[in-house]
Structures are given as C-alpha cells and as structure tokens.
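Fold and contact review
Each chain, written out:
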There are 2 protein chains.
Amino acid sequence: MKVSTIESGEISKGASSPRKGMKRGLSIMDFILRIFAAMSTLGSALSMGTAKQTMPFVTRFVRFKVSFHDLPTFLFFVTANSIACGYLALSLVLSFFHIVRTISVKSRILLVFLDTVMFGLLTSGASAAAAIVYVAHYGNPSANWFPFCQQYNSFCGRISGSLVGSFIAVVIFMILILMSGISISKSKH
Amino acid sequence: MKVSTIESGEISKGASSPRKGMKRGLSIMDFILRIFAAMSTLGSALSMGTAKQTMPFVTRFVRFKVSFHDLPTFLFFVTANSIACGYLALSLVLSFFHIVRTISVKSRILLVFLDTVMFGLLTSGASAAAAIVYVAHYGNPSANWFPFCQQYNSFCGRISGSLVGSFIAVVIFMILILMSGISISKSKH
C-alpha cells in the first residue's frame, strides 16, 4: 500500500519513470524494515544478556545461580545479535543513500552480500541457542542431560523469549534480500 | 580463470556482447557450485543418518547404544540437509536454463529467494547440531550436562565430521547468492 502511494506520488511530481518511484518505494521499505530488525536484535541481545537467576536458598558452599554466560552458546547468541544490530544501524546510512540515489547498483550488490553474511550469522546464533533452550526445557534421557528449567523457571522464560526477536530479524533479513534482488533487477532501465 | 575463457570464447563466436558471455560464465559457475553443494549436503545427511554406536558390554536390562535419532536436533540436521540436497538437485534445472537463456531475470530473482530460504534452513540445522556436538564434547558443568563423547568416541567423531559438509554447503550458498546478485545487475543491458 505504502509502495503504491509513493509510486503514484513520484509520477505526479513528474519523476523520470514509475520504475524509479517503485525503486524508491522499495528503498524506503528497506530503511523501515532495517530499523525494525535492529530493534528486534537489540531486544534479543539485551533480554538474553541480562538473564540470570539466583535460587532463594544457599548451602554452606554453593550459591545456586545461573547466568547466560554459563552456556557458551548463549554468549554466541548475544554476540551475534549485537553484531547484527550494529551492522543494521550502520547499514541505515547505505539504505538512506539508496532512497536518494536510486540508480546505484554496486552498493546494492554489496548490501545484498553483507545482508547474506549477517543473515547467516544471526540464523546461526538463533538456531544454536534454540537447540540449547530445547535441551534446557526437555532434557535428553539418552545423553543423561536433565532439564534445568524445572529449577530455573524465570531464567528459562527469559532465554526462550529472547529467541523471538532474533527469529523476527531473521525473517526480515530474508525479505530484505528478496527486495534487494528486485531493486537490482530494475536498475539502469 | 574458467569464466574468462568462456567469456572470450563467446566474443570470438560473435555473441551479442561480452556482458552476455560473463553472465553465461557466472551461470556455469553457478551450475558447478550447486553440484558441489548437493554432494556436500548429501554426504552430511548420510554421515549423520548412519551414525550409531553400540557399546561392547550389556547389563541384564540395558544395552548401551546411541543413534542420531536419540537427539531431536540431529534429526533436524538430517532433515535440513536432505531437503537442501533435494532442492539443489532440482535447482540444477533452473541453473541450466540460465546457461541457455542468459536474459531471464524473474527466474533469477526466484532462485535468489529460494537460495536464501535454503541457506537459512541449512545454517539453522548446521548451527543447532554444532551447539549440541559442542555440549556432547565438553559438557556443561553449570547445567550438570556431562559430555557423552568420552564413552561414545566413534559416534562423536562421526557426528562432528558430518558438520563439515554442511558448513561447506553454507559457504557455497553465500557465494551463489552473491553471484546471482551480480548476474541480475547485468541483466537487460
């Protein structure tokens, strides 16, 4: 809906072609989606990064507590989300440049490549964390791994929730790559 | 090196432009890389899918054995690799079509999108499996998960090795998406 409005706006203003208007519309969508993805990854990183729980009881020698950096996979998850968030914030500059200069092609190809790499990194972090969260919830009788979610309820809720933002960003990245493909195909006409 | 040979071959045969030759070169590279990726994923799926180990001792009630489908993540890994392998085999048709008809754009965008989805699926499977393999090797003292690789040595070697093929295919997918982006940008000139 947004795209078509911008498109017709472009035409009425006497832009060079409706194709240019469509490209600008895609670039604006790209810009907005990047902001959403950046917020999602930031939310995920913060949610996981601050997840910890201390049990209300202590024995003489041990205080029962758990934090995200007890599990290396969660550390990777926070790192991947932070890097993706930083990248998305930086890529806003290039995305804004594409709104202004619709004809640029090389910078779009660069963006597709970087998006693909970041998509891979984020999917990797999210899936690895999901695999561990699954074991934390259900355990694995064959490997004698017991679910720790029975004890650490609030911690588990937090880490499960933090996956959502990351997977939203993964879906947005897929849409961004598709949109870039369409934009590039409309270039230099 | 291959690309440049094909390119110059095209020119000498009086093709419409060197750009067309370059696109054909990229399409041929695309075709070859897809075959490699399909073999890598097939190898990974078979290697993980046939991984099992039975201990040489039995107690009265229990036979100690482990197989890949004792861990749901490994089942997902095999599924993801099988789907990616099937997709890659099918996409060879479209890739061959691009060698013959270099001007098609819409089918290239379709391929970029499907490649991105499959890249996501494969990365997801490989990373989730890697996270579990890590725990299998090193365990996690905080969660009281003990490494089962000390007992099941041969099984662990097999599942670790099967990750390699999957990650090779992940890298090939990244290259394929980049190459498609370049191909699309050279279209309709």
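Residues numbered from 1 in each chain as written. Chains lettered and ligands numbered in written order. Predicted model: local features only at pLDDT ≥ 70, side-chain atom pairs only at ≥ 80, totals over all residues. Heavy atoms only, no water.

An unreviewed UniProt entry lists chain A under the name CASP-like protein, from Medicago truncatula. One UniProt comment on chain A, placed under Sequence similarities (unreviewed entry), says "Belongs to the Casparian strip membrane proteins (CASP) family." Quoted verbatim from the Subunit (unreviewed entry) field of the UniProt record, the comment on chain A reads "Homodimer and heterodimers." (UniProt positions renumbered as here; feature names shortened; annotations may be inferred.)

Quick look at the state of the cysteines now. All names here are of chain A. Tallied over the entire structure, the rule returns 2 disulfides over all chains. Between the sulfur atoms of Cys149 and its disulfide partner Cys156 the distance amounts to 1.8 Å. Between Cys149 and Cys156, the S-S dihedral sits near -80°, and the bridge is therefore left-handed. There is no split in this pair, since Cys149 and Cys156 are both buried. (Disulfide = S-S within 2.5 Å. Buried < 20%, exposed > 50% of the residue type's maximum accessible area, 1.4 Å probe, protein only.)

Let us now look at the UniProt feature "transmembrane region" (unreviewed entry) in chain A. Those places that UniProt annotates as "transmembrane region" (unreviewed entry) correspond, in this numbering, to residues 31–51, 71–97, 109–136 and 163–184 of chain A. Helix makes up 90% of residues 31–51 of chain A and strand 0%, and the two end C-alpha atoms of the span are 31 Å apart. (Helix = DSSP H or I, 4+ residues; strand = E, 2+ residues; numbered from the N terminus.)

Another point: the relation of the copies chain B and chain A. Note on the copies: chain B fits chain A at an RMSD of 0.0 Å, the axial shift is 0.0 Å, and the rotation between them is 180°. Taken together, the rotation and translation relating the two chain copies correspond to the operation of a two-fold axis. In terms of proximity to the rotation axis, the leading residue of chain B is B:Ala128, whose C-alpha is 2.1 Å off the axis. Both copies contact each other with a shared surface, as 100% of the interface residues of chain B are interface residues in chain A too. (Least-squares fit on C-alpha atoms with pLDDT ≥ 70 in both. Contact = heavy atoms within 4.5 Å.)

Moving on, we get to the interface of chain B and chain A. With 36 residues of chain B at the contact, the number on the chain A side is 36 residues. Carbon and sulfur atoms supply 78% of the area that chain B and chain A bury against each other, a total of about 3,100 Å² over both sides. One can count 6 residue pairs in polar contact (both at pLDDT 80 or more) joining chain B with chain A. Breaking the side of chain B that touches chain A down by element, the ones donating at least two residues are helix H3 (72–100), helix H4 (106–138) and helix H5 (153–185) of chain B. With 16 residues, the top contributor of residues to the side of chain B that touches chain A is H4(B). (Buried area = accessible area lost by both parts, 1.4 Å probe. Polar contact = N/O pair within 3.5 Å; in protein donor to acceptor, adjacent residues only side chain to side chain.)

This paragraph deals with the packing of aromatic side chains. Residue and element names in this part refer to chain A. Enumeration according to the criterion identifies 14 aromatic pairs over all chains in this entry. Between Tyr87 and Phe173 the ring centres are 6.5 Å apart and the planes differ by 20°, which places this aromatic pair in the stacked class. Of this pair, Tyr87 sits in helix H3 (residues 72–100) while Phe173 sits in helix H5 (residues 153–185); the two residues are 86 residues apart in sequence, bridging distant segments of the chain. Tyr87 gets classed as buried once you look at its relative accessible area, which sits at 11%. (Phe/Tyr/Trp six-rings, centres within 6.5 Å; stacked < 30°, edge-to-face > 60°.)

Moving on to the side chain of A:Thr116. Mapping A:Thr116 onto the fold places it in helix H4 (residues 106–138). Among the polar contacts listed, one links the side chain of A:Thr116 to the backbone oxygen of A:Val112, at a separation of 2.6 Å. Apart from the residues within four sequence positions on either side, A:Thr116 is in contact with A:Ile177, B:Phe119, B:Met174 and B:Ile177.

Glancing now at a nonpolar patch on the surface. Taken together, the side chains of A:Ile35, A:Phe36 and A:Met39 define a hydrophobic patch exposed on the protein surface, amounting to about 290 Å² of accessible area. With respect to the helices and strands, the residue A:Ile35 is situated in helix H2 (residues 18–49). (Patch = residues over 30% accessible without salt bridge, like charges linked within 9 Å, V, L, I, M, F, W, Y side chains within 5 Å. Areas by Shrake-Rupley, 256 points an atom, 1.4 Å probe, with all protein chains shown as cover. Salt bridge = Lys/Arg side-chain N within 4 Å of Asp/Glu carboxyl O.)

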